[in-house]
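Remarks on the overall topology
What follows is each chain in one-letter form.
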Number of protein chains: 4
Amino acid sequence: MLKIAVIGAGRIGRIHAHNIAAHAGATVAGIVDPDTAAAERLAAECAAPVISLDQAFAAEAVLIGSPTPTHADYIERAAAAGQAVFCEKPIHLSAERVRTCLETVRRAGIPLMIGFNRRFDPSFKAVRDRMAAGEIGKPELVLISSRDPGPPPIAYVKVSGGLFRDMTIHDFDMARYLVGDIVEVQAFGGNLVDPAIRDAGDIDTAMVTMRAANGAMVHINNSRRCAYGYDQRIEAFGEHGMLQAGNRMATTVEASGGKQTGAKDVVLNFFIQRYQEAYAAEVEHFVACVREKAPPIAGFAEGLEALRLADAALESLRTGQIVRVHKG
Amino acid sequence: MLKIAVIGAGRIGRIHAHNIAAHAGATVAGIVDPDTAAAERLAAECAAPVISLDQAFAAEAVLIGSPTPTHADYIERAAAAGQAVFCEKPIHLSAERVRTCLETVRRAGIPLMIGFNRRFDPSFKAVRDRMAAGEIGKPELVLISSRDPGPPPIAYVKVSGGLFRDMTIHDFDMARYLVGDIVEVQAFGGNLVDPAIRDAGDIDTAMVTMRAANGAMVHINNSRRCAYGYDQRIEAFGEHGMLQAGNRMATTVEASGGKQTGAKDVVLNFFIQRYQEAYAAEVEHFVACVREKAPPIAGFAEGLEALRLADAALESLRTGQIVRVHKG
Amino acid sequence: MLKIAVIGAGRIGRIHAHNIAAHAGATVAGIVDPDTAAAERLAAECAAPVISLDQAFAAEAVLIGSPTPTHADYIERAAAAGQAVFCEKPIHLSAERVRTCLETVRRAGIPLMIGFNRRFDPSFKAVRDRMAAGEIGKPELVLISSRDPGPPPIAYVKVSGGLFRDMTIHDFDMARYLVGDIVEVQAFGGNLVDPAIRDAGDIDTAMVTMRAANGAMVHINNSRRCAYGYDQRIEAFGEHGMLQAGNRMATTVEASGGKQTGAKDVVLNFFIQRYQEAYAAEVEHFVACVREKAPPIAGFAEGLEALRLADAALESLRTGQIVRVHKG
Amino acid sequence: MLKIAVIGAGRIGRIHAHNIAAHAGATVAGIVDPDTAAAERLAAECAAPVISLDQAFAAEAVLIGSPTPTHADYIERAAAAGQAVFCEKPIHLSAERVRTCLETVRRAGIPLMIGFNRRFDPSFKAVRDRMAAGEIGKPELVLISSRDPGPPPIAYVKVSGGLFRDMTIHDFDMARYLVGDIVEVQAFGGNLVDPAIRDAGDIDTAMVTMRAANGAMVHINNSRRCAYGYDQRIEAFGEHGMLQAGNRMATTVEASGGKQTGAKDVVLNFFIQRYQEAYAAEVEHFVACVREKAPPIAGFAEGLEALRLADAALESLRTGQIVRVHKG
């Protein structure tokens, strides 16, 4: 049994703690959260104790689900303790800080996994696996549509690092998951959803185009608001055909009436529902990697590279030019 | 050029006349209709003369699109004249009369095709052809859904021969098209759409179950009213899988919004639109059969057998029992 | 916390035990199974003790997931103990035995729920709820397709009570769930899948037609073998439109290539996967009903009525006639 | 009857001539083509004479379906003759030449329609009309996927003006059709299909991103080769939802078997099939505009603006920068 301390009893910490508790080969070593009520509630649900940060860093492994600014520091504490780490994305909003953190992790040689949950979505994973098996031949065009049901609070927007680092970061990683390293990034941004987001210095709508080292072109589109739910789709086109992965609905019901036919439910809303299976698979992968001393498919490098693409997109937005990306 | 006289300038006569006029290997020999205005208009559209019945029966071939009670008589006149005949279904509402007519046709040896247009629908034909090619193995379950957008006028209901002979007749033929001869028929009927139809002595909703000689079971469902258009679908299930053919819409547009996703158009309404390609293919097949002296895929026997299934369904409705059908 | 003893550590007992263990308001009082290894394994997974039958009937509630022949006896023991009971379908293969059991249950006044899991499938439930809300108006045509991926072992077939009581029983209940009481039943059966099933005295393929008291007609089709998985679909058609609920696949991936487009995964196989959410919802409903002293939506009457429809279908198969059904 | 001379008896001339011949309010004044055999065959099919160029420019209206380099000259001859003109796209590969031609047309005041057939596709037109009716609110993200089944001959590539002017030109016009004037263009290009296309100085794969004056962002992706047919889709996303228009297949058949479910036909291949209804609607619109002296929805300005976007995309490809576009 891998004993994993969970830092953070918020939305994402809760998901992970429950998945650890339900895992046959893992157990929750304890819950840490400055909000003691939240910590106690989650601890009770997982039949685990509330513990201190010091105790967390004494466990076999640690899952970091606390706010972003703490991630790099906590990773370094875990590195010092020689723990296996599962850290939510992003590692830090500053690529510089991520790099110093990476140095520490490398020296310590600890296993570290970044929470790029979408890599574990059964549909997206199937697209990747079928691409890897050659089903569409060499990939040429990849389209990623990623639209949130509604914008986060402005207070969050202000500390989020911006759309590219906060939201598109998943799509940057998805692009790398599907076609590997990226060499060129070009970005369009706009404020079409809420003027308050512009006032907070961020964009709410974007299109990004990228070129992969293997020649494939990637398009990403984002919106901070989507009337029909949490829209998460990918399309990969290559010499021999196309693979598409679409949305999930609560039911398979289709309605036909006097005005239309085949109308389906709105899509699952929000990430907790959409990526429920992905979150469970993610914990399973982490436990397996630790047990088998295997590198996770989303490690530190993935966290760094996705952040560098976000930074490249920001630079492109500022300059109107294609930004060349050289490997990390 | 096959010169085909067209008897009947109503809705169905018009379709056929236009398809003949557009056919590279056929031409409209003339139009006959007691409604001279209709005959003249259609004749003008097809660059053909208005002709008399006698002239029609002197042409190379004749297309009979006049009211049902005239069909058998006109077929016999064509037989006497040695003409090739394309006759709209049904041949006659009385199986007895159909049989005497068949005798005449057989003695005359004329080519005769019955207007079972659905056999020429590209989707239904593809299902049949793929079944014939073995794609689903031996067929086991066949489902035919056939629902009209709205009931015909009561005056028509009264002379129609009833739902089974007027509407289900197409589905009986479709069953035979897909799985061959039928040996057992069982029918449920009801009046769920319009009490006036019951008052006229007919049903407006039905489910029919049949067993084919090859063992396959067939389900048909009918309604005289369908809120979302002219619903025409088939599903064939066998050892190796399933083939389904669905409806056509005016566009491929799918709409997603706050209440639903992927909502499509209502289905094409009515048979003129839905079976537009089938009507053209039907005329093409007729011309090809006459030219190549080949038997049409929907000949006199198909007309007779479909009628016998309708009669069996009526008997089942009356007795509550399965009716055995022996080949015509 | 409702303490529920689980009788049976087989496939279905395991599902229920895990769902009880995961339920915030319930706990597994203990596991009973003559196969002690199975009982111990499941008990360990649920952090519950292995208990005796006597202990099981001393718990607050009991879940009966043992073989069918034991169901009625165990229900009566639970009735004597005044326990709440969740019993897997069917109660017994003999309607007579079911009736005597029902008497005992009524006298004891215990809450009893029958495991008609499909009533809890989110998609089927949504169809029912939307019908109840009037979305399609008065229901007129209902189609239920229910096909197993492959036939059970012949040994099971021999004691199963036959296709209608073992497999179609779910569809009979689904029909009642959607359109209420049934008044007429007509059945076609055949042996198209495996001659060994015929040799065992059973059919493997069927079509059943029924009329509901409200006038709606219902079609059911069954096969004991389905190449593309566990096919479970319903279609409800009424004055204002149609609601359809379809299959679930492991992923949403659609593949397009040189020979076809939009090819999806095979459907989830088998009931454990397909009805995973339904099983959890079922336990949730049971716990809620016991807590709130409310009648379950699938009680003893539902078990009896479904069995009576199965018996009517068997009689129709024997006589070739429509069988009238009068309420229980 | 509008008498329209048809210049060009090639693939596109044939479509238009047949649609004119089938039109109730128009007739083919004659066919011109240096390939006299082709001209004679088409003339016979349309019951029209073979005529000279001089005779063509003496007709009421002229349809120019000859090779691109002749378009501007022929338009000017038609302008001198005061004829109504339907000219296939593009007007000319040089924006400069297009502008001088436009001057001539403006001075002459003749009605001129450009063959942007996709504006007449029922599905694309429905998306536009429903957007115009406010169904999705202000448009924010538009995705246009446009992939040819296979590359044209290299000889054609060399004189085509390049991918953007030859193929993407339709997508540039579609973007303007959906969201109006474009103010920014950014392009990625590559050679992923055939090295011979690169050797001919052209690209075969592209992604273009644009910003419209109304703020909407538009993505276009192109490939000169598509394994599953002629892929032509659009997606428009706005505040209130999304409208998508997809491909058409020859049938509605869906196949399910041991490896997959719901597999559809490959998509219609090629533009003659895919845009069959659009071509007919286009001729209808032209005849109606001439008759009612109304401006066509695809006039000279549309031809010019699409070409300017193609030129902007080429410039962006060269510079790696966003190119600002000011109205023509």
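Remember, predicted model here, so these are calculated numbers, not experimental data.

Analysis parameters
- Residues numbered from 1 in each chain as written.
- Chains lettered and ligands numbered in written order.
- Predicted model: local features only at pLDDT ≥ 70, side-chain atom pairs only at ≥ 80, totals over all residues.
- Heavy atoms only, no water.
- Helix = DSSP H or I, 4+ residues; strand = E, 2+ residues; numbered from the N terminus.
- Rg over C-alpha atoms; globule rule 2.2 N^0.38 Å.
- Buried < 20%, exposed > 50% of the residue type's maximum accessible area, 1.4 Å probe, protein only.
- Contact = heavy atoms within 4.5 Å.
- Areas by Shrake-Rupley, 256 points an atom, 1.4 Å probe, with all protein chains shown as cover.
- Domains from an automatic or database assignment.
- Buried area = accessible area lost by both parts, 1.4 Å probe.
- Salt bridge = Lys/Arg side-chain N within 4 Å of Asp/Glu carboxyl O.
- Polar contact = N/O pair within 3.5 Å; in protein donor to acceptor, adjacent residues only side chain to side chain.
- Nonpolar A, V, L, I, M, F, W, Y, C, P; charged D, E, K, R; others polar.
- Pairing = 2+ DSSP bridges.
- Axes fitted to C-alpha atoms, helices over the stretch in contact; angles between N-to-C directions.
- Least-squares fit on C-alpha atoms with pLDDT ≥ 70 in both.
- Disulfide = S-S within 2.5 Å.

What follows concerns the overall build of chain A. In terms of regular secondary structure, chain A is built from 13 helices and 13 strands. Its C-alpha radius of gyration of 20 Å places chain A within 12% of the 20 Å reference for a compact globule of 328 residues. Over its C-alpha atoms, taken along the principal directions, chain A stretches across nearly 55 × 50 × 45 Å. Burial analysis of chain A (328 residues in total) assigns 62% to the buried set. Nonlocal contacts in chain A, meaning residues at least 24 apart in sequence, comprise 70% of its contacts between residues at least 6 apart. Element-wise, carbon and sulfur atoms account for 52% of the exposed surface of chain A, whose accessible area totals about 11700 Å².

Turning our attention to the domain arrangement of chain A. All names here are of chain A. Each assigned domain of chain A is listed here: domain 1 (2–110) and domain 2 (118–274 + 299–324). Each of domain 1 and domain 2 has a C-alpha centre, and these two points are 27 Å apart. Taken together, the contacts link 15 residues of domain 1 with 15 residues of domain 2. In terms of surface lost to domain 2, no three residues of domain 1 exceed Arg-11, Lys-89 and Leu-93, which account for 42% of the buried area on that side. At the boundary of domain 1 with domain 2, the tally comes to 0 salt bridges. Remark: the boundary between domain 1 and domain 2 carries 2 residue pairs in polar contact (both at pLDDT 80 or more). Broken down by secondary-structure element, the contributors of at least two residues to the side of domain 1 that touches domain 2 are α1 (11–22) and α5 (95–108). Counting residues per element, the side of domain 1 that touches domain 2 draws most heavily on α5, at 6 residues. Within the side of domain 1 that touches domain 2, the residues separate by chemical class into 10 nonpolar, 2 polar and 3 charged.

Turning next to the sheet that holds strand β11 (residues 241–245) of chain D. The 8 strands lie next to each other as β12(B)-β11(D)-β10(D)-β6(D)-β9(D)-β8(D)-β7(D)-β13(D), forming an open sheet whose pairing is mixed. The open sheet has two edge strands, β12 (254–257) of chain B together with β13 (323–324) of chain D, and neither has a second partner. Contacts between helix α6 (residues 122–132) of chain D and the sheet are confined to β12 of chain B together with β6 (139–147), β10 (231–238) and β11 of chain D, with β11 of chain D contributing the most and set at about 160 degrees to the helix.

A separate point is the interface of chain D and chain C. Interface size is often expressed as the accessible area that is lost when the parts come together. Taken together, the 15 residues of chain D in the interface contact 15 residues of chain C. Across the interface of chain D and chain C, roughly 1100 Å² is buried in total on both sides, 53% from carbon and sulfur atoms. Broken down residue by residue, the surface that chain D buries against chain C is led by Gln-260, Thr-261 and Lys-264 of chain D, which jointly contribute 42%. For the pair chain D and chain C, the number of links is 0 salt bridges. Viewed at the interface, chain C and chain D are joined by 5 residue pairs in polar contact (both at pLDDT 80 or more). Residues that form the side of chain D that touches chain C fall into these classes: 6 nonpolar, 6 polar and 3 charged.

Moving on, we come to the environment of Ser-66 of chain D. Residue and element names in this part refer to chain D. Here Ser-66 is to be found in the loop between β3 (61–64) and α4 (71–81). When its relative accessible area of 11% is taken as the criterion, Ser-66 is described as buried. In the structure, Ser-66 is positioned 22 residues away from Glu-88 in sequence and 8.1 Å away in space, judged by C-alpha atoms. Here Ser-66 is in contact with Ile-7, Gly-8, His-71 and Tyr-74, once residues within four sequence places are set aside.

This part is about the relation of the copies chain D and chain C. The operation relating the pair of chain copies consists of a rotation about an axis and a translation along that axis. Of the two same-sequence chains, chain D is brought onto chain C (RMSD 0.0 Å, axial shift 0.0 Å) by a rotation of 180 degrees. On this basis, the relationship between the two copies can be described by a two-fold rotation axis. Proximity to the rotation axis, assessed at the C-alpha, singles out Ala-263 of chain D in chain D; its C-alpha lies 2.0 Å from the axis. When the interface residues of chain D are mapped onto chain C, 100% of them again lie at the interface, so the same face is used by both copies.

The subject of this paragraph is the pairing of strand β8 (residues 205–212) of chain A. Residue and element names in this part refer to chain A. In terms of burial, β8 is largely enclosed, as 8 of its 8 residues are buried. Side chains of β8 alternate between two faces, with Thr-205, Met-207, Thr-209 and Arg-211 and Ala-206, Val-208, Met-210 and Ala-212 buried alike. The sheet contact formed by strand β7 (residues 182–190) and β8 spans 8 bridges and is antiparallel. From the neighbouring strand, Val-185 faces β8, where its bridge partner is Met-210. Taken together, the 7 bridges between β8 and strand β9 (residues 217–223) define a ladder with antiparallel strand orientation. In the sheet register, Val-208 faces β9, and the bridge partner there is Ile-220. Taking the residues that link successive antiparallel strands as the turn, the β8-β9 hairpin has 4 residues, and the phi of Gly-215 there is positive, at about 100 degrees.

Screw-axis analysis of chain A against chain D gives a translation of 0.0 Å along the axis, an RMSD of 0.0 Å, and a rotation angle of 180 degrees. Residue by residue, 100% of the interface of chain A is reproduced at the interface of chain D, so both copies engage with the same surface.

Once that is clear, we can look at the state of the cysteines. All names here are of chain A. According to the stated counting rule, one finds 0 disulfides over all chains in the structure shown. Free of any disulfide, Cys-87 has its nearest neighbouring cysteine sulfur in Cys-101, separated by 7.9 Å. Residue Cys-87 is classed as buried on the basis of its relative accessible area of 0%.

This brings us to the side chain of Ser-160 of chain C. Residue and element names in this part refer to chain C. By the element assignment, Ser-160 lies in the loop between α7 (154–159) and α8 (163–166). Given a relative accessible area of 6%, Ser-160 falls into the buried group. Here the side chain of Ser-160 touches Gly-162 through a polar contact of 3.0 Å, landing on its backbone nitrogen. Discounting chain neighbours no more than four positions away, the residues touching Ser-160 are Leu-93, Arg-165, Asp-166 and Asp-202.

If you look at the interface, chain A gives 43 residues, while chain D gives 43 residues. Considering only the side of chain A, the residues that lose the most area to chain D are Phe-188, Leu-192 and Met-207 of chain A, jointly responsible for 20% of the buried surface there. On inspection of chain A and its partner chain D, the count reaches 6 salt bridges. Between chain A and chain D we count 12 residue pairs in polar contact (both at pLDDT 80 or more) in total. Elements with a minimum of two residues in the side of chain A that touches chain D: β6 (139–147), β7, β8, β9, β10 (231–238) and β11 (241–245) of chain A. Of the residues belonging to the side of chain A that touches chain D, the class tally is 16 nonpolar, 17 polar and 10 charged.

On to the pattern of salt bridges, then. Counted according to the given criterion, the structure contains 97 salt bridges over all chains. A salt bridge links Arg-225 of chain D to Glu-140 of chain A, with the nearest nitrogen and oxygen atoms 2.7 Å apart. Taken together, the residues Arg-225 of chain D in the loop between β9 (217–223) and β10 and Glu-140 of chain A in strand β6 connect one chain to another. Classification of Arg-225 of chain D by relative accessible area gives buried; the value is 13%. Residue Arg-14 of chain B pairs with Glu-45 of chain B through a salt bridge whose shortest N-O separation is 2.9 Å. Remark: Glu-45 of chain B occurs in helix α2 (residues 36–45) and Arg-14 of chain B occurs in helix α1 (residues 11–22); sequence separation between them is 31 residues. Using a relative accessible area of 37% as the deciding quantity, one classes Glu-45 of chain B as partly exposed. Through salt bridges with shared partners, one network takes in Arg-147, Asp-231 and Arg-233 of chain A together with Glu-235 of chain D.

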